[in-house]
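A structural walkthrough
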Amino acid sequence: MPDRDPMPGLLLLTHSYAPDSTPPARRWAAVVGELRAAGWEVTVLAPAAGDRPAGRSVGAHGERIVSTRTLHRSASGRNGRFLDAVVHALQCIPRGLVLRGPDVVVATVPALPTVVPARVVATLRRLPLVLEMRDAWPDLAREAGLGTGPLGRLMEIVVGGAQSSADLVVTVTEGFARTLRSRGVGRVEALANGVRLDGLRELPAREREAGSLHVLYLGNHGESQGLERMLEAAARLRSQVPGVRVRLVGDGTRREALCALNARLGGAAEMLPAAHGDEARRHYEWADTVVVALRPDWASFRHTVPSKTYELLGIGRHVTAQVEGEGADIVVAAHAGHVVGPTADDLAGHLAALAAAPDSTTPDPRARRWVAEHADLTTIARRYVDLLDRVRRRR
């Protein structure tokens, strides 16, 4: 009998993996499940998290997980997160060089330092490298002020070089894929973040009277979102339309500053800690409209789509989108809500108009159908497996 082909193997280097509930963790749970179903061996190098301590363990799909130790500095802001990423990256190099079986190396970015061990391991083991660019790096680094100084310039050179030399670059938006192709990066594919529709139950609209409106933001409280505008809008509406209630739920590097600003503005918004699972669903049930926001002064955000957008389309919540470019186009195409201008005045005027018209936040069933056609995570995961198999066979 002829020898059977050996089982293909994938080595994934990521900054977030199950039991994390982040968008990359959910995405890779779906992809790894499809890879395992297709007969792949999968090894994941990720920082220890939750009930998964440092060391080796087996994941939900039978994948091998090697968890690295971190300094647990992520909560201390941008520098703390970067330091944790560096510590993780340094541990990935020796582990990646001795692990058995990979045919393809994949690295998710951010965190930026993950690029280094992925490229080292792929080069020394003569394996194809796939880069998943979850944000518009290095463009976003320059806009955030991370590209200044020797370290910033070095990271820009490293990321740009890895993009050019990778066997495949996967982006989460079409816009950034076009940007990379225009720079001469070959082999670029766009695969949206997406959601698993089979795990999302639609929510009925809350019955409300004219003048009443529940406004929710649930997600990261970082520099990228520009949530100061939401707090300023809430303060202006408190006296103009007192039936508008604004709630921000989440955590991030700007949360402390946002809480302080909210206090200075008289506490017009309710500030609550991060929520997941059933607790997050209760917040969505409370809401009439959910805000997705990106700051308007970073050009790379024109081809960035907040990952929460797909979830909102799937559960049937009206979206107030304070975004531009590709994110705004999706909300319009899916008939999911309204796109508003970039200022606090724009947002306040929009919310006042929604409050005056109770039918304005009724969910449109076309939004969920749009997700089924364009952003169902099961379909995206299967496309990812096909791409990885092609990369493996090319080598």
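Only a predicted model underlies this, so the values are computations on that prediction, with no experimental measurement involved. (Residues numbered from 1 in each chain as written. Predicted model: local features only at pLDDT ≥ 70, side-chain atom pairs only at ≥ 80, totals over all residues. Heavy atoms only, no water.)

**Structural notes on the pairing of strand E2 (residues 41-47)**
Applicable threshold: Summary of the burial criterion: residues with accessible area below 20% of their type's maximum are buried, those above 50% are exposed, and those between are partly exposed, where the area comes from a 1.4 Å probe applied to protein chains only. Each helix is a run of DSSP H or I of at least 4 residues and each strand a run of E of at least 2, with the numbering of both proceeding from the N terminus. When DSSP finds two or more bridges between two strands, those strands count as paired. The handedness of a crossover follows from its direction of travel: if, with the strands pointing away from the viewer, the path from the first strand over the helix to the second runs clockwise, the crossover is right-handed.
Most of E2 sits out of view: 6 of its 7 residues are buried. Examined bridge by bridge, strand E1 (residues 9-13) and E2 share 5 bridges and lie parallel to one another. Note that in E2 the partner of Leu 12 across the bridge is Val 44. A crossover links E1 with its parallel partner E2, the connecting element being helix H1 (residues 23-37), and its sense is right-handed. With 5 bridges connecting them, E2 and strand E4 (residues 64-68) associate as parallel partners. Bridge pairing links Thr 43 to Arg 64 in E4.

**Topic: the sheet that holds strand E7 (residues 168-171)**
Paired through their backbone hydrogen bonds, the strands of a sheet run either parallel or antiparallel. Spelled out, the test is: What counts as an axis is a line fitted to C-alpha atoms, over the stretch in contact for a helix, and the angles between N-to-C directions run from 0 to 180 degrees.
Taken together, 8 strands build an open sheet; the order of strands is E3-E4-E2-E1-E5-E6-E7-E8 and the sheet is mixed. Here the strands that pair on one side only, and so sit at the sheet edges, are strand E3 (55-58) and strand E8 (188-190). Direction aside, neighbouring strands of the sheet carry axes that sit 20 degrees apart on average. Pairing of E3 with E4 involves 4 bridges; the strand directions are antiparallel. The residue of E4 that forms the bridge with Ser 57 is Ile 65.

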